[in-house]
Amino acid sequence: MRRVKRLPLGKKAVAYLGRCQKNTNRKAEAGVLDIEKEWKSARKTQTMQAVLKTLQKMMGSRERCMYCLDSHGSDIEHFRPKALHHKRMFRWRNLLLCCTECGRLKGNRFPTDGKRPLLIDPTKEEPWEHLDFIPETGHIKARFDPRINAWSPKGEKTVETLHLDRREALEAGYLKTLRRLSRIIDNFLENPSFSASHLLESLSADDEHGLLGWIFIGTGQHHPPFKDLREQHPLIWEKCMADFSINR
Ligand SMILES: [Zn+2]
């Protein structure tokens, strides 16, 4: 996962979503709302295609799923499931991009602690504050939160809901990205001739799975070769970290 910047929608799409939401609310009040039917008929429109395109654009040229960052993001996902929260069915800020597998796993699941969601919304928060990556296995698991002396509950529920710790294809994908990023750092350590911005640029270009967040914000900085970069080239490290954070 990685932090995703939400782009503004076009005027036409904003107006269309507003109208759809109004209709939905009216039908719900009248007791005649068929959520699936309502969504399916809107989903077919060109305006909703434009909404999907905007979500895909938010993920850059690879158009990856916002939850797993591994497969193609092919569908519009409701962060708060439409079956449970029809009042947010057409709210732009409730719409994410997902792949078939994440969409199937998430379904109508929406864990909460009673009030707040226990599921990471990558458009609203930094996923690696709640998640950890195990470089030996390629698993994603909850991050340990020293403030509460326990694993992040949001991280735990996100991993559980999306099976982030038991999808072989995911592990392989994340490990491949880890190898690429490690190679870039190894090369730099052998021959530290290029600048921090050049280094970060190379790393970003190969970071298909958002692991730079794990390295600069999460616990990746304690693992070699990232740890070696931090210890041997503190200024380069600081600059990369600062530039990485600014671009979030
Ligand atoms: Zn996915």
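Taking an unreviewed UniProt entry as the reference, the protein is identified by name as TIGR02646 family protein belonging to Methylomagnum ishizawai.

**Student:** Explanation requested: the coordination of the zinc ion in the structure shown.
**Tutor:** Each pair of donors in an ideal octahedron of six around a metal sits at 90 or 180 degrees, and each pair in an ideal tetrahedron of four sits at 109.5 degrees. Donor atoms from the polypeptide that coordinate the zinc ion comprise Cys65 (SG), Cys68 (SG), Cys99 (SG) and Cys102 (SG), at 2.3 Å from the metal. The sequence pattern describing where the donors of the zinc ion fall on their chain is C-x2-C-x30-C-x2-C. Taken as a pair, cysteine 68 in the loop between α3 (46–58) and β1 (75–78) and cysteine 99 in the loop between β2 (95–98) and α4 (100–106) lie far apart in primary sequence, 31 residues in all. Relative accessible area serves as the criterion here: at 0%, cysteine 68 is assigned to the buried category.

**Student:** So what exactly am I meant to see when it comes to the pattern of salt bridges here?
**Tutor:** Side chains bearing opposite charge may pair, as long as their charged atoms lie close to each other. The final tally for this structure, using the stated rule, is 15 salt bridges. Lysine 124 is the partner of aspartate 121 in a salt bridge, and the nearest nitrogen-oxygen pair spans 3.6 Å. The class of aspartate 121 is buried, set by a relative accessible area of 1%. Residue class for lysine 124 comes out partly exposed when judged on its relative accessible area of 44%.

**Student:** Would you mind showing me how to read helix α5 (residues 153–162) here?
**Tutor:** Quick reminder: α-helices carry 3.6 residues per turn. Residues three or four places apart thus point the same way. Along α5, the residues classified as buried are Lys154, Gly155, Thr158, Val159, Thr161 and Leu162. The buried residues of α5 occupy an angular sector of 165° when projected down its axis, which confines them to one face. In this structure, the buried residues of α5 make contact with α4, β3 (131–134) and β4 (139–142). The positive-phi residue at the C-terminal boundary of α5 is histidine 163, with phi of around 55°.

Definitions and limits used
- Residues numbered from 1 in each chain as written.
- Predicted model: local features only at pLDDT ≥ 70, side-chain atom pairs only at ≥ 80, totals over all residues.
- Heavy atoms only, no water.
- Donors = N, O, S within 2.8 Å, 3.2 Å for Na, K, Ca; no water.
- Helix = DSSP H or I, 4+ residues; strand = E, 2+ residues; numbered from the N terminus.
- Buried < 20%, exposed > 50% of the residue type's maximum accessible area, 1.4 Å probe, protein only.
- Salt bridge = Lys/Arg side-chain N within 4 Å of Asp/Glu carboxyl O.
- Arc of directions from axis to C-beta.
- Contact = heavy atoms within 4.5 Å.

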